[in-house]
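# Chain and residue survey
This is what each chain is made of:
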Amino acid sequence: MIVVGISAFYHDAACCLLRDGRLVAAAQEERFSRVKHDARLPVSAFRYCLKEAGAGIDEVDLLAYYENPELKLQRQLRAGLPEGSSPDLARLDADIHTKIEEGLGYSGPVFSFLHHQSHAASAFYYSGFPEAAVLTVDGVGEWDTTTYGRGAGAKLEAFDRVEFPHSLGLLYSTLTAYLGFEVNDGEYKVMGLAPYGEPRYADRVRRLVSSLDGGGFELDLRYFDFLRGRRMYSEALCDLFGAPPRARGGEITRFHRDVARSLQAVLEEILLEKTRWLHGRTGSDNLCMAGGVALNCVANGRILRDGPFQRLFVQPAAGDSGGCLGAAALLHAQETGQAPPVGPLRDARLGPSWSADGIARLLASTGLPYQDFRGREASLLEAVVDRLAAGKVVGWFHGRMEMGPRALGARSLLADPRDPEMRDRLNRMVKKREAFRPFAPSVLLAHAAGPFGLDHPAPFMLETCQVRSPLDLPAITHVDGSARPQTVDPEVMPRYAALLEAFRRRTGCPMLVNTSFNVKGEPIVGSPVDALLCFGGTEIDSLVLEDFVLDRDDLPESWPELLEAWRQRPRSGFGAARDRGDLYTFV
């Protein structure tokens, strides 16, 4: 039985495919279209999933959609539309099923599940836990903003919820907007900014949200304006903090840092209180979390360290893109009466890969100089370590693409974490982003306990911990002494683990800086074409495309002109980037 899961039409559209309950493929549409947070129907991701499964559209038995469009429409209409506007039919059309059938060319049955059901299933069914407490927290689905429940075997139920407009996700997004960052994109920037401040405004943040008995909480709606759709915050919020909102791109002052820190502190307080209540209701030692707020790795680390649960699972695409995973799992369980055999999820590399021979043909077509290490993996790794130990930034493209917002050693930029200049260089010259943003380390699983105190795998960069390494690691240590490590298991990621081991043998350091292979405002690279274009438009020193190495120093002086001409040429393959009119290349 082939089940396809779809999330789409709000942000971060994605598709996955289960065969007899086993996860075969999953990908976000943005990686194909190159439109960040692409919300449109994931046509290219769907085609990829079919290709990976070796299946045709006529072999898809069932399709699952990650939310209930009718209930969502009810909430949107009841909340009201901005004055003078007309309904956005692409957003408000309740007949999502027709859009899916027509857009994908699929004529079989389509099943819808509640948004938070899909979140909960994406965490519990993929955790590997036989039973667990389940917490979902985001902005809003149909009506729910937070749900509390439990899972056991195939059974998954919610026993309490908080409904719109009371939402921790909307609280965080409102202050994200007030601090001058983009909603649904800049929340992680606020999390990264928070350690630079002090919680001087925590009491004012607490006036925005009140904790209630049990799992409840409520917002003081005087301070919010998202119900009318004009902006997230009201003038009353500006008056409360005694300052106007920060302009997009404006100076970040001590005030902004302190508001960010205060918001993060209050979020952690409430989540800790509610997880303690949830533990008391379920008695489980296992906690599964999903929803956009579950991507707050600082709060996750606090919940695990200071809360009552012994084990925490957050799947790598905890936001809306991962809803497709949950919807597909729910449909499998509904049809078979059995939990899908997908957990524990140990590897987020669920997207497309490229053969070495295909990349060789691609490189030959560019005329660029490169080194060919096919059949010589040990030599390739030593060559990469040569560059890393010399202080170079390396673009690393290997194997299947990751699902979720984190680069996890398949589409990554790598560097030496001991280099005191590396963080500023990466932010300024390569990533082209805000200077306060931290970088994460990839560390060998066998060596994670010493520098980070980790006694469990953390393969998805979804919790923070304090750095306690005898090595000086300025490139991955945040201002508060924390880091967000990814543990690398040789059984799961053999080549990446071998690279880390080669670097450890050479330097004594069992980790590397690992940040996503992209620049500000663009999705993580998906294809070799994307990697070459990103390499050409930044100051990355070297690029590893599977078994091939390109060095910036070897590129001809005419490289920028060649790149631009090559960028404009027609490409072959499938998956049109609809806004740009070009094609995502499968070679």
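Residues numbered from 1 in each chain as written. Predicted model: local features only at pLDDT ≥ 70, side-chain atom pairs only at ≥ 80, totals over all residues. Heavy atoms only, no water.

Time to look at the layout of surface pockets. Taken as a whole, the second largest pocket encloses approximately 670 Å³ of empty space. In terms of lining, the second largest pocket is formed by 32 residues, of which the most central are L312, F313, P457, A458 and P459. Sorting elements by how many residues they give to the lining of the second largest pocket places strand 12 (residues 311-314) first, with four residues. The class makeup of the residues in the lining of the second largest pocket is 19 nonpolar, five polar and eight charged. (1 Å grid on protein atoms, 1.4 Å probe; cavity = no way out; pocket = protein on both sides within 12 Å on 5 of 7 lines; lining within 4 Å. Points joined across faces, edges and corners; volume = space filled by probe spheres on them. Helix = DSSP H or I, 4+ residues; strand = E, 2+ residues; numbered from the N terminus. Nonpolar A, V, L, I, M, F, W, Y, C, P; charged D, E, K, R; others polar.)

We now examine a negative patch on the surface. A cluster of acidic side chains, namely D20, D58, E59 and D61, defines a negative patch on the protein surface. Among the structural elements, E59 can be located in the loop between helix 2 (43-53) and strand 4 (62-65). A relative accessible area of 40% places E59 in the partly exposed class. (Patch = residues over 30% accessible without salt bridge, like charges linked within 9 Å, V, L, I, M, F, W, Y side chains within 5 Å. Areas by Shrake-Rupley, 256 points an atom, 1.4 Å probe, with all protein chains shown as cover. Salt bridge = Lys/Arg side-chain N within 4 Å of Asp/Glu carboxyl O. Lys, Arg positive; Asp, Glu negative; His and termini not counted. Charge placed at Lys NZ, Arg CZ, Asp CG, Glu CD. Buried < 20%, exposed > 50% of the residue type's maximum accessible area, 1.4 Å probe, protein only.)

Another point: the sheet that holds strand 15 (residues 411-415). The eight strands lie next to each other as 13-22-21-14-15-20-16-19, forming an open sheet whose pairing is mixed. Each edge of the open sheet is held by one strand with a lone partner, namely strand 13 (371-372) and strand 19 (486-488). With four bridges connecting them, strand 14 (residues 394-397) and strand 21 (residues 542-545) associate as parallel partners. Across the sheet, the residue bridging to F397 is L545, located in strand 21. Across the sheet, helix 14 (residues 356-366) touches strand 21 and strand 22 (548-551), and the angle it forms with strand 22 is around 30°. Sitting on the sheet, helix 15 (residues 377-389) is in contact with strand 13, strand 14, strand 15, strand 20 (511-516), strand 21 and strand 22, with an inclination near 150° to strand 14. (Pairing = 2+ DSSP bridges. Contact = heavy atoms within 4.5 Å. Axes fitted to C-alpha atoms, helices over the stretch in contact; angles between N-to-C directions.)

Sheet architecture is open: five strands sit in the order 8-7-6-11-12, paired in mixed fashion. Only two strands of the sheet have a single neighbouring strand rather than two, namely strand 8 (155-163) and strand 12. The average angle at which neighbouring strand axes cross in this sheet is 20°, direction not considered. Sheet topology places strand 6 (residues 131-137) next to strand 11 (residues 286-290); four bridges connect them, and they run parallel. Directly across from T136, in strand 11, lies its bridge partner A290. Across the sheet, helix 6 (residues 115-124) touches strand 6, strand 7 (144-152), strand 8, strand 11 and strand 12, and the angle it forms with strand 6 is around 135°.

On to the nonpolar core. Counting residues in hydrophobic clusters, the biggest one holds 129 residues, and the most contacted among them are Y126, Y178 and F241. Ranked by the residues each element gives to this core, the list is headed by helix 11 (residues 254-282), at nine residues. Residues within four places of F241 in sequence aside, it is in contact with L175, Y178, Y201, R204, V205, L208, F255 and V259. Among the nonpolar cores identified, the runner-up in size contains 68 residues, and I359, L444, A458 and V513 belong to it. (Core = buried A, V, L, I, M, F, W, Y, C linked by side-chain atoms within 4.5 Å.)

Bringing the side chain of S469 into the picture now. Position of S469 among the secondary structure elements: in the loop between strand 17 (465-466) and strand 18 (482-483). Here the side chain of S469 touches L471 through a polar contact of 3.0 Å, landing on its backbone nitrogen. (Polar contact = N/O pair within 3.5 Å; in protein donor to acceptor, adjacent residues only side chain to side chain.)

Let us look at the environment of R506. Structurally, R506 is set in helix 18 (residues 494-507). What makes R506 partly exposed here is its relative accessible area of 39%. Separated by 124 residues in sequence, R506 and E382 place their C-alpha atoms 9.2 Å apart. Discounting chain neighbours no more than four positions away, the residues touching R506 are E382, V385 and D386.

Moving on, we get to helix 15. Counted at 1.5 Å a residue, the expected span for helix 15 with its 13 residues is 18 Å, and the 18 Å between its end C-alpha atoms agrees. Restricting attention to buried positions, one finds in helix 15 the residues L380, L381, A383, V384, V385, R387 and L388. Just downstream of helix 15, G391 is the residue with a positive phi angle, here 85°. (Expected span 1.5 Å × (residues − 1).)

Attention shifts here to helix 6. With nine of its 10 residues buried, helix 6 lies for the most part within the structure. Among all positions of helix 6, only H115, H116, S118, H119, A120, A121, S122, A123 and F124 are buried.

Let us look at the pattern of salt bridges. Scanning the entire structure with this criterion turns up 34 salt bridges. For K36, the salt bridge is made with D185, and the minimal N-O distance between the two is 3.4 Å. One end of the pair, K36, is in the loop between helix 1 (30-33) and helix 2; the other, D185, is in the loop between helix 7 (168-178) and helix 8 (187-193), and 149 residues separate them in sequence. On the basis of relative accessibility, which here comes to 28%, the residue K36 falls in the partly exposed class. When the shortest N-O distance is used, the salt bridge between D541 and R425 registers 2.8 Å. Here D541 is found in the loop between helix 19 (528-536) and strand 21, whereas its partner R425 is found in helix 16 (residues 422-430), with 116 residues between them in sequence.

Our next topic: the packing of helix 7 against helix 11. With their axes 11 Å apart at the nearest point, helix 7 and helix 11 run at an angle of 175° to one another. Classified by the interaxial angle, the pair formed by helix 7 and helix 11 is roughly antiparallel. Of helix 11, the residues touching helix 7 (which contributes L168, L171, Y172, L175 and Y178) are F255, L263, Q264, L267, I270 and L271. When grouped by side-chain class, the residues that make up the contact of helix 7 with helix 11 number 10 nonpolar, one polar and no charged. (Parallel < 35°, antiparallel > 145°, perpendicular 65-115°, else oblique.)

With that settled, the discussion passes to the packing of aromatic side chains. In total, this model carries 17 aromatic pairs according to the counting rule given. One residue, R75, lies across the ring of F164, its end atom 5.2 Å from the ring centre. Note that R246 overlies the ring of F181, its terminal NZ or CZ placed 4.8 Å from the centroid. (Phe/Tyr/Trp six-rings, centres within 6.5 Å; stacked < 30°, edge-to-face > 60°. Lys NZ or Arg CZ within 6 Å of the ring centre and 35° of its normal.)

Quick look at the packing of helix 6 against helix 13 (residues 323-336) now. Contact geometry of helix 6 with helix 13 gives a least axis separation of 7 Å together with a crossing angle of 85°. The angle between the axes of helix 6 and helix 13 places the two elements in the roughly perpendicular class. Along the contact surface, helix 6 presents Q117, S118, A121 and S122, while helix 13 presents G323, L325, G326, A327 and L330. Looking at the contact of helix 6 with helix 13, its residues break down into four nonpolar, five polar and no charged.

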